[in-house]
Amino acid sequence: MDGISWVLLLVLSLLWGGSFFFTEIALQDLPPFTLVLARVALASVILWLVIIIRHIRLPQSHAIWGSFLIMGLLNNLLPFSLIVWSQTYIAGGLAAILNATTPLFTLLIAHIATDNEKLTRRKVVGVITGFIGVLIVTGIPSFTALAPETHTTTENSLSLTAIAPFAVLIAAISYGCASVFGRRFKNTPPIVTAAGQTTASSLMLLPLVVLIDAPWTLPFPTLPTWLAVAGIASISTALAYILYFKLLARAGASNLVLVTFLIPISAIFLGFSFLNEALARDDIVGMLTIGLGLAIIDGRPLAWLRKTAF
């Protein structure tokens, strides 16, 4: 990649890492489904405005528009809701670490669901290494101490804190399914796919928000919450999607996967700098192990080390 591509990659990791930071702030006033709806609905408006301004052609196939519902479920509604719910019990940095397992699940799902993306020996080693990292993070009792100070710490919440990391792993599986399912949109303008799935997920979330959250009964959100919602929708969703597709066209999918290494670092940095969040030693070891697994899967970092050493 050239210098501009590396800059775009770093900015994208900061935008996506920022979603965990914005979520921590907005959860002080908003329940999970309401926050997710605000995120995808506002992002939809922004994306459709860009489509209209740029006169981007819309797909004519009814099947594509129907597929946006499934994509919205797999790539927005399920993972966003699960991750946001998990952050009511665990810190954003830990959620970001576990979310970094998405490529591991994507490889496994692609191996099962496709004929041309089977696991190689190197990828198997990488997947196993990555899941060892997951076990290091989720298999320790001390990570309950990572619950943000403002959250409830009753006995019931502690049991939910133990479950919350697995909600992020389910979200990662959902992202993996979305990656495989999303290949049917290869002839659809990427920004249209982004707008279609966020719009579909908004429509599906609306009845859940009305029936479960009843946001009209809640106190009026504070200014930091409004700013966090604006940030997660406009910066971490709409702008991130636009930047993602720009980088995809410029650097290719194999280089774009490098962002997975950087998102947890961005999320941890923001949480530590502004929210006083900290990670336990085992979580850091787990993050490094997951990163090693991703490096083995990608292949390039190890090839660079061999070239440098010999």
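Residues numbered from 1 in each chain as written. Predicted model: local features only at pLDDT ≥ 70, side-chain atom pairs only at ≥ 80, totals over all residues. Heavy atoms only, no water.

**Some details on the pattern of salt bridges**
Then comes step 1: The final tally for this structure, using the stated rule, is 1 salt bridge.
Then comes step 2: Glu117 serves as the salt-bridge partner of Arg183, at 2.7 Å between the closest nitrogen and oxygen. One end of the pair, Arg183, is in the loop between α7 (155-181) and α8 (190-213); the other, Glu117, is in the loop between α5 (102-113) and α6 (121-138), with 66 residues separating them in the sequence.
Then comes step 3: Here Glu117 falls in the partly exposed class, since its relative accessible area comes to 34%. (Salt bridge = Lys/Arg side-chain N within 4 Å of Asp/Glu carboxyl O. Helix = DSSP H or I, 4+ residues; strand = E, 2+ residues; numbered from the N terminus. Buried < 20%, exposed > 50% of the residue type's maximum accessible area, 1.4 Å probe, protein only.)

**Notes on the packing of helix α2 (residues 32-53) against α8**
A pair of packed helices can be characterised by two numbers: the angle between their axes and the separation between those axes.
Then comes step 1: Following both chains from N to C, one finds α2 and α8 inclined at 150°, their axes separated by 8 Å at the closest point. Between α2 and α8, the angle falls in the class roughly antiparallel. The way α2 lies across α8 gives a crossing that is left-handed. (Axes fitted to C-alpha atoms, helices over the stretch in contact; angles between N-to-C directions. Parallel < 35°, antiparallel > 145°, perpendicular 65-115°, else oblique. Left-handed = near helix turned anticlockwise from the far one by under 90°.)

**Structural notes on the nonpolar core**
Side chains of a nonpolar character, in soluble globular proteins, are inclined to be buried together.
Then comes step 1: Ranked by size, the top nonpolar core spans 57 residues in total, and within it Leu12, Phe20, Leu35 and Leu247 carry the most contacts.
Then comes step 2: Of all the elements, helix α1 (residues 3-26) adds the most residues to this core, at 8 residues.
Then comes step 3: Excluding anything up to four places from it in sequence, Leu12 contacts Ala240, Leu243, Tyr244, Leu247, Leu256 and Val259.
Then comes step 4: With 19 residues, the next largest nonpolar core counts Leu47, Ile56, Ala178 and Ala238 among its residues. (Core = buried A, V, L, I, M, F, W, Y, C linked by side-chain atoms within 4.5 Å. Contact = heavy atoms within 4.5 Å.)

**As for the confidence of the model for the protein chain**
Then comes step 1: Mean pLDDT over the protein chain: 88, with 92% of residues reaching 70 or higher.
Then comes step 2: The model gives residues 140-147 a pLDDT under 50, and that stretch makes 22 contacts with residues more than four places away or in other chains. (pLDDT = per-residue confidence, 0-100.)

**Structural notes on the packing of helix α11 (residues 259-274) against helix α12 (residues 281-298)**
Then comes step 1: Remark: α11 packs on α12, axes separated minimally by 9 Å, with the N-to-C direction vectors making an angle of 160°. Viewed along their axes, α11 and α12 adopt a mutual orientation that is roughly antiparallel. Once α11 is placed against α12, the crossing between them reads as left-handed. Mapping the contact onto sequence places Thr260, Phe261, Pro264 and Ile268 in α11 and Met287, Gly291, Leu294 and Ala295 in α12.

**Structural notes on the packing of aromatic side chains**
Then comes step 1: Taken as a whole and assessed by the stated rule, the structure comprises 12 aromatic pairs.
Then comes step 2: Relative to Phe22, the ring of Phe21 has its centre 5.6 Å away and its plane inclined at 55°; by these criteria the two rings are tilted. An identical accessibility class is assigned to Phe21 and Phe22; each is buried.
Then comes step 3: Note on Phe181 and Phe185: the rings are 6.2 Å apart at their centroids and 70° apart in plane angle, and the pair reads as edge-to-face.
Then comes step 4: The exposure class of Phe181 is buried, given its relative accessible area of 14%.
Then comes step 5: You can call Phe185 buried: its relative accessible area is 5%.
Then comes step 6: Through a chain of ring-to-ring contacts, three or more aromatic side chains come together here, namely Trp48, Trp65, Phe68, Phe181 and Phe185.
Then comes step 7: Between Arg39 and the ring centre of Phe80, over which it is positioned, the NZ or CZ distance is 3.9 Å. (Phe/Tyr/Trp six-rings, centres within 6.5 Å; stacked < 30°, edge-to-face > 60°. Lys NZ or Arg CZ within 6 Å of the ring centre and 35° of its normal.)

**Observations concerning the side chain of Ser13**
Then comes step 1: Position of Ser13 relative to the elements: it lies in helix α1.
Then comes step 2: Engagement of the side chain of Ser13 in a polar contact is seen with the backbone oxygen of Leu10, the distance being 2.7 Å.
Then comes step 3: Discounting residues that sit within four places of it in the chain, Ser13 has contacts with Val259, Leu262, Ile263 and Ser266. (Polar contact = N/O pair within 3.5 Å; in protein donor to acceptor, adjacent residues only side chain to side chain.)

**Here we look at the environment of Ala295**
Then comes step 1: Relative to the elements of secondary structure, Ala295 occurs in helix α12.
Then comes step 2: On the basis of relative accessible area, Ala295 is assigned to the buried category, the value being 10%.
Then comes step 3: Expressed as a C-alpha distance, the spacing of Ala295 and Lys123, which sit 172 residues apart in the sequence, is 9.8 Å.

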